[in-house]
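Given next are the chains, with one letter for each unit.
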There are 2 protein chains.
Amino acid sequence: MRRHFEEVEEELRNRLLHMGGLVEEMIHWAGQALLERKEESLKKIAKNEEEVNQLHIEIDDRCLKLIALHQPTSADLRFIMACVKINSDLERVADQAVNISENTVVLLAQPQLKRKLLDIPRMVELAGGMLKDSLDAFVRKDVALAQAVVQRDEEEDQLKSEAFHELMQIMQADSSSIQRALGLILIARNLERIADHATNIAEDVIFMVLGKDIRHHAENKVR
Amino acid sequence: MRRHFEEVEEELRNRLLHMGGLVEEMIHWAGQALLERKEESLKKIAKNEEEVNQLHIEIDDRCLKLIALHQPTSADLRFIMACVKINSDLERVADQAVNISENTVVLLAQPQLKRKLLDIPRMVELAGGMLKDSLDAFVRKDVALAQAVVQRDEEEDQLKSEAFHELMQIMQADSSSIQRALGLILIARNLERIADHATNIAEDVIFMVLGKDIRHHAENKVR
C-alpha cells in the first residue's frame, strides 16, 4: 500500500516537473524572440501552452485522486498541496510567457529602440533562473535553495523599477517611441510576475519540507 | 462525526467569505480613491491587507487539517480544494488592489487628465461585480451564476484594450501626460487581472459543484 502510494507520488512529481520544463522553455523562447528578434521562436510557445493547459487539468486530477484513494500522512498531504499550488503557479507563468510573446509580436513589427536596454535581458535571465531553482528546490526538498529564490525576488523588483524609469524617459524624449517603450514596460511587468510565481513556488517548497508557513512574514516582502 | 465535519466545513466557508468581503472592500476603496480622488480611502486598504494575509495562512491551515483529521468524501474534497484555490486567488486580488492604490498615489499627486476616461470606471465596476458574483456562486453552489462570471471576463478584456488604445493616444498627443497615462494603463492591467482571478474562482465553483473541469476548453478563452 505504502509502496504503491510512493509510486503514484513519484509519477505526480514527474508530471509536474515535465510541465515545469515546458514552462521554462516558453520563457526561454519568449526571451529569445524579444532579445534576439527571433520571431520563429514565438511559434513554439503556442505548442507548449496547449500541453501545459492539458497538464494543468491532469495534475489537479491526480492530486485529488491521490488524496481520495489513499490516506496520506500529514507530510504526504503537504506534498500534494504543494503540487496543487505549484501546478497553478506554473500555468500562470505560462500565461505570462504568452503575454510576453504577444507584446513581442508588436515590437518586432517595428525598428528596435536606439537606446540599448540592459535591465530587460537581466530580468529575463533572473526570472528564468528563479523558476528553475524553485523547481530544483522542489525536487531536492532543498530549503536553502528555496530561500535563496525568495530573496532574489527583490532584485527582480528593483530591475523592473529601473526599466520603468528608463522607458518612461525614452517615451518623454521621443513620442515616436511610445508604443515600443510601452510594450517593453508591459513585458517588464510580465517578467516581474514570473519572478513572483517562482517565489510562491519556493515558499510552497519551504512549507512542504518544514511544515512552516513563511508567507507574509516581516522578513519577507509582502507581494 | 459527519455532523462535526459539516460544522468545521461551515466555519471554513465563513472564514473564506469574510476574507472575500475584505478583498471586495479593498477594490471598492481603490476605485473610490482613483475615480473620486479620495486619498483617505487608500489608508483603509493597508489595514485590510494585513488581515487578508493572516487569513490566507489560516485558511490554508484549516483546509489541510480538514483533510488530515476527517476522511472527506469526494464532494467534500472538491469543496476543500476549491477553498484552497479561492484562498490563493483572493490573496492575489488583494495584491492587485494594493498595486492600484500605489499607482493611484502617484496619480493623485498630479492634476487630473483633461480627457474624461470612461473605460476605467466601467472596469472597476465590472471587476468588483465579477468578484462578488463569483463568491455568491460559491456560497449558493450556483453554476449558472459562475458561468455568467466566466463569460463577462471577455468584456473586461475588451475594456482594457480600449483603455490602452485611448491612453496611448493621450500620451502621443501630449508628452506631459505620459506618466499619468502610464499609471492608468497599469491600473487597467491590474483590473483585468482581478477579473481573471474572479473567473478562476467561478471555474473552481463549477468544478466543485459538477466535478467537471471547464478550464482550457475551446468555448472558454485561454487566459
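The structure displayed is predicted, hence computed values, not measured ones.

What counts, and where the lines are drawn
Residues numbered from 1 in each chain as written. Chains lettered and ligands numbered in written order. Predicted model: local features only at pLDDT ≥ 70, side-chain atom pairs only at ≥ 80, totals over all residues. Helix = DSSP H or I, 4+ residues; strand = E, 2+ residues; numbered from the N terminus. Rg over C-alpha atoms; globule rule 2.2 N^0.38 Å. Buried ≥ 20, exposed ≤ 12 C-beta atoms within 10 Å, placed from the backbone. Least-squares fit on C-alpha atoms with pLDDT ≥ 70 in both. Expected span 1.5 Å × (residues − 1). Core = buried A, V, L, I, M, F, W, Y, C linked by C-beta atoms within 7 Å. Contact = placed C-beta atoms within 7 Å. Axes fitted to C-alpha atoms, helices over the stretch in contact; angles between N-to-C directions. Parallel < 35°, antiparallel > 145°, perpendicular 65-115°, else oblique. Nonpolar A, V, L, I, M, F, W, Y, C, P; charged D, E, K, R; others polar. pLDDT = per-residue confidence, 0-100.

1. Digging into the overall build of chain A
Right, so step 1: On a plain count of helices and strands, chain A comes out with six helices and zero strands.
Right, so step 2: Counted from the first residue to the last, chain A has its helices and strands arranged as α-α-α-α-α-α.
Right, so step 3: In terms of C-alpha radius of gyration, chain A reaches 19 Å, essentially the compact-globule figure of 17 Å for 223 residues.
Right, so step 4: Along the three orthogonal principal directions, the C-alpha set of chain A runs to about 65 × 40 × 20 Å.
Right, so step 5: A burial count over chain A gives 47% of its 223 residues as buried.

2. As for the relation of the copies chain A and chain B
Right, so step 1: Each copy of the sequence occupies a distinct position, and chain A is placed on chain B by a rotation of 180° and an axial shift of 0.0 Å, giving an RMSD of 0.0 Å. Such a combination of rotation and displacement between the chain copies is what one expects of a two-fold axis. Identified as the residue of chain A closest to the rotation axis by C-alpha distance is Ser175(A), at 3.6 Å.

3. A short note on helix α4 (residues 119-140) of chain B
Note that an α-helix has 3.6 residues per turn; residues three or four places apart therefore point the same way.
Right, so step 1: Over its 22 residues, α4(B) runs 31 Å from end to end, which matches the ideal 32 Å to within 8%, given 1.5 Å per residue.
Right, so step 2: Following α4(B) by one or two positions, Lys141(B) has its phi on the positive side, about 50°.

4. Here's the deal with the nonpolar core
Soluble globular proteins: nonpolar side chains tend toward being buried together.
Right, so step 1: Ranked by internal contacts, the top residues of the largest apolar core, which has 132 residues, are Cys83(A), Ala127(A), Cys83(B) and Ala127(B).
Right, so step 2: Ignoring any residue separated from it by four or fewer positions in sequence, one finds Ala127(A) in contact with Ile27(A), Glu156(A), Leu191(A), Ile194(A), Ala195(A) and Ala198(A).

5. Some details on the packing of helix α1 (residues 2-36) of chain A against helix α4 (residues 119-140) of chain A
Residues and elements named next belong to chain A.
Right, so step 1: As a packed pair, α1 and α4 sit with axes 10 Å apart at the nearest point and diverge in direction by 170°. Classed by the angle they form, the pair α1 and α4 counts as roughly antiparallel. Where α1 approaches α4, its residues Leu17, Gly20, Glu24, Ile27, His28, Gly31 and Leu35 are matched on the opposing element by Pro121, Val124, Ala127, Gly128, Leu131, Lys132, Leu135 and Val139.
Right, so step 2: Split by residue class, the contact of α1 with α4 holds nine nonpolar, four polar and two charged.

6. Describing the interface of chain A and chain B
Right, so step 1: With 26 residues of chain A at the interface, the matching set in chain B holds 26 residues.
Right, so step 2: Counting residues per element, the ones that place at least two in the side of chain A that touches chain B are α2 (40-69), α3 (74-108), α5 (143-173) and α6 (178-210) of chain A.
Right, so step 3: Of the residues in the side of chain A that touches chain B, the class split is 12 nonpolar, eight polar and six charged.

7. Points about the confidence of the model for chain A
Right, so step 1: Taken over all residues, the pLDDT of chain A has a mean of 93, while the share at 70 or more is 97%.
Right, so step 2: Per the prediction output, this complex has pTM 0.93; the corresponding ipTM is 0.90.

8. Digging into the environment of Ala127(A)
Residues and elements named next belong to chain A.
Right, so step 1: As for its position among the elements, Ala127 is in helix α4.
Right, so step 2: Residue Ala127 is classed as buried on the basis of its 29 C-beta neighbours within 10 Å.
Right, so step 3: Taking the C-alpha atoms as reference, Ala127 lies 7.4 Å from Glu192; in sequence the two are 65 residues apart.

9. Let's talk about unusual backbone geometry
Residue and element names in this part refer to chain A.
Right, so step 1: Notably, Lys141 is not glycine yet its phi reads approximately 50°, a positive angle.
Right, so step 2: Structurally, Lys141 can be placed in the loop between α4 and α5.
Right, so step 3: By C-beta crowding, Lys141 is classed as partly exposed, having 14 other C-beta atoms within 10 Å.

10. A word on the environment of Arg193(A)
Right, so step 1: The topology assignment puts Arg193(A) in helix α6.
Right, so step 2: Taking the number of C-beta atoms within 10 Å as the measure of exposure, Arg193(A) has 21 and is therefore buried.

11. Here we look at the environment of Met81(B)
Right, so step 1: Here Met81(B) shows up in helix α3 (residues 74-108).
Right, so step 2: For Met81(B), a count of 22 C-beta atoms within 10 Å corresponds to the buried category.
Right, so step 3: C-alpha separation for the pair Met81(B) and Met208(B), spaced 127 residues apart in sequence, amounts to 8.1 Å.
Right, so step 4: The contacts of Met81(B), once residues within four sequence positions are left out, are Leu64(A) and Val84(A).

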